[in-house]
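Listed below are the residues making up each chain.
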Amino acid sequence: MLKVGVPIMLLRNIDQAAGLCNGIRLRVTHLTQYIIVVTVLSRIRQGKSKTEYILRITLTPFDSGLPFQFSRRQFPMTLCFTMTINKSQGQSLSHVGLYLLRPVFTHGKLYVALSRVKSRKGLKVLIVDEQRVVSSSTRNVVYKEVFENV
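Residue indices begin from 1 for each chain and proceed along its sequence in written order. Local features in this predicted model are restricted to residues whose pLDDT is 70 or higher, and side-chain atom pairs enter the listing and the counts only when it is 80 or higher, whereas totals over whole chains, interfaces and linings include all residues. Hydrogen atoms and water are omitted, and side-chain values are computed over all heavy atoms in the structure.

**A few points about a nonpolar patch on the surface**
Point 1. A surface patch of nonpolar side chains, about 430 Å² in accessible area, is lined by Tyr34, Ile35, Tyr53 and Leu55.
Point 2. Helix and strand labels come from DSSP, where a helix needs a run of H or I of at least four residues and a strand needs a run of E of at least two; each type is numbered from the N terminus. Its place among the elements puts Leu55 in strand S4 (residues 51-55).
Point 3. Only protein chains enter the accessibility calculation, which uses a 1.4 Å probe. A residue is then buried if its area is under 20% of the maximum for its type, exposed if over 50%, and partly exposed in between. Taking the relative accessible area as the measure of exposure, Leu55 reaches 49% and is therefore partly exposed. Patch definition: residues above 30% relative accessible area lacking any salt bridge, with like charges linked at up to 9 Å and the nonpolar side chains Val, Leu, Ile, Met, Phe, Trp and Tyr linked at up to 5 Å. Method for areas: the Shrake-Rupley scheme with a 1.4 Å probe, in which residue coverage is limited to the protein chains shown. We define a salt bridge as a contact between a side-chain nitrogen of Lys or Arg and a carboxyl oxygen of Asp or Glu at a distance within 4 Å.

In structure tokens form, the structure reads like this:
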């Protein structure tokens, strides 16, 4: 259930000039049947109004594989208690908890995850090894074959 005060994340670009883009974090301040009033938690453009209004939009999947098309009217958002490393790019957060079940695969992804936090005090990292035991280190996955012809 969506309630007042929960953090949400937009899933579509609504108004790029106002900073309402895919992946931006918002907090619900008021709920109605057709409009959700939100405040922006992460703001790229300073000086803009922090109260925004999110309307329901019509979503029509074109690659459903069905011989007919259907559409839904819904709010283009999801709850945002957690987010992936890819979605966190461009965000500045005061508290970051990083949960690593396996070594980070992509080059630079661990750096992106660790650099989202504003200060070292706001960073918590939990690393779990293959046996599901808490560890104090992780492997840096590098495939040397990639660098042979460079």
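There is more to say after this.
**Thoughts on the nonpolar core**
Point 1. Only buried residues count toward a nonpolar core. Its members are Ala, Val, Leu, Ile, Met, Phe, Trp, Tyr and Cys residues joined through side-chain atoms within 4.5 Å. Counting residues in hydrophobic clusters, the biggest one holds 13 residues, and the most contacted among them are Ile8, Leu10, Leu26, Ile36, Val38, Ile54 and Met77.
Point 2. Residue assignment for this core shows that the elements contributing at least two residues are strand S1 (7-10), strand S2 (25-31) and strand S3 (35-40).
Point 3. It is S3 that provides the largest number of residues to this core, a total of three residues.
Point 4. In this description, contact between two residues means that some pair of their heavy atoms is separated by no more than 4.5 Å. Those residues in contact with Ile36 that lie beyond four places of it in its chain are Leu2, Val28, His30, Leu31, Glu52, Tyr53, Ile54, Phe75 and Met77.
Point 5. Ile85, Leu100, Val104 and Ala113 belong to the second-largest nonpolar core, a separate cluster that totals seven residues.

**Some details on the sheet that holds strand S10 (residues 134-135)**
Point 1. Any two strands with at least two DSSP bridges between them are considered paired. If you trace the three strands from one edge of the open sheet to the other, you get S8-S9-S10, paired in mixed fashion. The open sheet has two edge strands with one neighbour each: strand S8 (96-100) and S10.

**Quick notes on the sheet that holds strand S7 (residues 77-79)**
Point 1. Pairing is antiparallel across the open sheet formed by five strands, whose spatial order is S4-S3-S2-S1-S7. Single-partner strands in this sheet number two, and they are S4 and S7. With strand direction ignored, the average angle separating the axes of adjacent strands in the sheet is 45°.
Point 2. Where S3 meets S4, five bridges bridge the pair, whose relative direction is antiparallel. Pairing of Val37 across the sheet is with Tyr53, part of S4. An axis is simply a line fitted to the C-alpha atoms; with a helix, the fit covers only the stretch in contact. Between two such axes, the angle follows the N-to-C directions and lies from 0 to 180 degrees.

**Considerations on the environment of Lys121**
Point 1. Among the structural elements, Lys121 can be located in the loop between helix H2 (109-114) and strand S9 (123-128).
Point 2. By relative accessible area, Lys121 is classed as exposed at 79%.
Point 3. In the structure, Lys121 is positioned 26 residues away from His95 in sequence and 8.1 Å away in space, judged by C-alpha atoms.

**Topic: the side chain of Arg116**
Point 1. Looking at the secondary structure, you find Arg116 in the loop between H2 and S9.
Point 2. When charges are counted, neither His nor the chain ends are considered; positive counts come from Lys and Arg and negative counts from Asp and Glu. We note that Arg116 is buried and unpaired, the nearest opposite charge coming from Glu52 at a distance of 21 Å.

**Looking at the pairing of S1**
Sheet faces and side chains relate simply in a regular strand, where the side chains alternate between the two faces.
Point 1. Burial along S1 is two-sided: the residues Pro7 and Met9 and Ile8 and Leu10 are all buried.
Point 2. Across three bridges, S1 lies against S2 in antiparallel orientation. When the bridges of S2 are listed, Met9 appears paired with Arg25.
Point 3. Two elements, S1 and S7, share three bridges in a ladder whose sense is antiparallel. Considered in S7, the bridge of Leu10 is made with Met77.

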